[in-house]
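What follows is the residue order along each chain.
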Amino acid sequence: MKIVPEVTALVPDMKAWRHHIHAHPETAFEEVATAAFVAEKLRSFGLEVHTGLAKTGVVGVLRNGSGSDAIGLRADLDALHIQEKSGATHASKIAGRMHACGHDGHTAMLLGAAAALAKKRSFDGTLYFIFQPAEENEGGGRVMVDEGLFERFPMRAVYGMHNWPRKPLGTFAMRAGPFMGAYDIFEIVATGKGAHAAMPYAGKDPMLFVAHAISALQTIVARNLHPQDAGVVSVTQVHGGDTWNVIPQEVVLRGTVRTFDPAVQDLIEQRMRAIVAGIAAMFEMTATVRYERRYPATVNAEAETKHAIAAASAVVGAANVDTDPVPEMGSEDFSFMLQAKPGCYVWLGAGRGPDTPNVHNPHYDFNDDALPIGASYWVTLARQQLAA
Ligand SMILES: [Zn+2]
Ligand SMILES: [Zn+2]
């Protein structure tokens, strides 16, 4: 393990920042205090600071030498709507809000890297430290891109990192191509004809629609997709009916679809619409489908993935860098930045053993031992990419 010396000196600071942010979690586009904290720290390191991009986003700029090359390093600021049960001394002070995805750690690591690189400026060019809001559900990354992130801060490539409790501490994982899934949501409303439950012949029962639809939707993956193509269709909500003896008028199904390939995404949506229309016709009722594409797949570029592997290998050794991990269908709004710029998103191993709570679990807490590893990766990547 080669922790960058300037980073080693910053470990107590990074821990303190992480614990402060963890105790004061803020959710999508409301990261006002967190953004102010980040901006104040960046200014104290001597960076030029831009605020207000995507409401609560912050961009720190660090220039050195005469080179015109530039890269961006990105962290996320937001917490989740979860009641914390970690029992940590720095646990959330806000009911129902929790840094359960480790974005507190991501922010602390990128702040640490900014401090280290500002202290020892052994690079030539411009570094952009991107702190984005609303990674969870609300697509703050997309808003930053839409509001001109890459026009205001022109850069050759952009890099992202997420702590990964299911990989051991002291490891990294990344791969070129699709790495995390596209995130779509759907809502199906079946409208029949309400009736007395003892006289079903007088109505059109939407419960029957539900019984057939949940099974039939699973045939999309099982019977329509090529066996080598990946896709997930999950019905996660069923809402309908109020009492024992009434056939309801309407039932609502909701769920999510995950894919890596836009052609597979198109196929799933098209088959979902056809299956829903067919079942509705079979039972003489109407059904509508609202299908919304939220986050595209996270797709790493070839060259930037090689750069990320080189930086990670310099920190933890090549033997501890998994360059062919199995992709996950979880999603990540860094995908919007990767659609606009080549780059690479990596997993930072953060596991403490097989029982480590995963992200989004109320017992989860970012592994502080990962702070110097992640910050060293950022510093090494910056120095390798903008070599003086
Ligand atoms: Zn998350
Ligand atoms: Zn996350």
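Here's a quick rundown of the structure. Note that this is a predicted model, so its numbers are computed, not measured. (Residues numbered from 1 in each chain as written. Chains lettered and ligands numbered in written order. Predicted model: local features only at pLDDT ≥ 70, side-chain atom pairs only at ≥ 80, totals over all residues. Heavy atoms only, no water.)

**Some thoughts on the coordination of the zinc ion (ligand 1)**
Binding of the zinc ion (ligand 1) to the protein goes through C101 (SG), E136 (OE) and H360 (NE2), at separations of 2.0 to 2.2 Å. A gap of 3.2 Å separates the zinc ion (ligand 1) and the zinc ion (ligand 2), which C101 links by coordinating each metal. Of this pair, E136 sits in the loop between β4 (125-132) and α5 (140-146) while H360 sits in the loop between β16 (343-351) and α11 (371-385), and the two are 224 residues apart along the sequence. Of the residues examined, E136 reaches a relative accessible area of 10% and is grouped as buried. Overall, the relative accessible area of 40% leaves H360 in the partly exposed class. (Donors = N, O, S within 2.8 Å, 3.2 Å for Na, K, Ca; no water. Helix = DSSP H or I, 4+ residues; strand = E, 2+ residues; numbered from the N terminus. Buried < 20%, exposed > 50% of the residue type's maximum accessible area, 1.4 Å probe, protein only.)

**Some words on the sheet that holds strand β8 (residues 182-191)**
As summarised here, the arrangement of the four strands in space is β10-β12-β8-β13, forming an open sheet in which the pairing is antiparallel. Across the chains shown, the open sheet's two edge strands, defined by having one partner strand only, are β10 (231-239) and β13 (286-295). With direction set aside, neighbouring strand axes in the sheet form an average angle of 20°. Helix α7 (residues 206-224) rests against β8, β10, β12 (250-259) and β13 of the sheet, and its axis sits at about 165° to β10. (Pairing = 2+ DSSP bridges. Axes fitted to C-alpha atoms, helices over the stretch in contact; angles between N-to-C directions. Contact = heavy atoms within 4.5 Å.)

**Digging into the environment of I71**
In this structure, I71 sits in strand β3 (residues 70-76). Through-space distance from the C-alpha of I71 to that of K167 is 27 Å; in sequence the pair is 96 residues apart. With near-sequence residues (within four places) excluded, I71 lies in contact with T126, L127, Y128, M155, R156, A157, Y159, L381, A382, Q385 and L386.

**Describing the coordination of the zinc ion (ligand 2)**
A four-donor tetrahedral metal ideally has 109.5 degree angles, and a six-donor octahedral metal ideally has angles of 90 or 180 degrees. The zinc ion (ligand 2) binds to the protein through C101 (SG), H103 (NE2) and H162 (NE2), with metal-donor distances spanning 2.0 to 2.3 Å. Read in sequence order, the donor residues for the zinc ion (ligand 2) give the motif C-x1-H-x58-H.

**Some details on the pattern of salt bridges**
For the structure on display, the rule yields 22 salt bridges. Measuring nitrogen to oxygen at the nearest pair gives 2.8 Å for the salt bridge that ties R63 to E48. Of this pair, R63 sits in strand β2 (residues 57-64) while E48 sits in strand β1 (residues 48-53), and the two are 15 residues apart along the sequence. For E48, a relative accessible area of 33% translates into the label partly exposed. A salt bridge links E269 to R273; the shortest N-O distance between them is 3.0 Å. (Salt bridge = Lys/Arg side-chain N within 4 Å of Asp/Glu carboxyl O.)

**So, the packing of α7 against helix α8 (residues 262-282)**
The contact between α7 and α8 brings their axes to 10 Å, and the two run at 145°. Pair α7 / α8 crosses with right-handed handedness. Contacts from F209, H212, A213, A216, L217, T219, I220 and N224 of α7 reach α8 at L267, I268, R271, M272, I275, V276, I279, A280 and M282. Split into classes, the residues belonging to the contact of α7 with α8 amount to 13 nonpolar, three polar and one charged. (Left-handed = near helix turned anticlockwise from the far one by under 90°. Nonpolar A, V, L, I, M, F, W, Y, C, P; charged D, E, K, R; others polar.)

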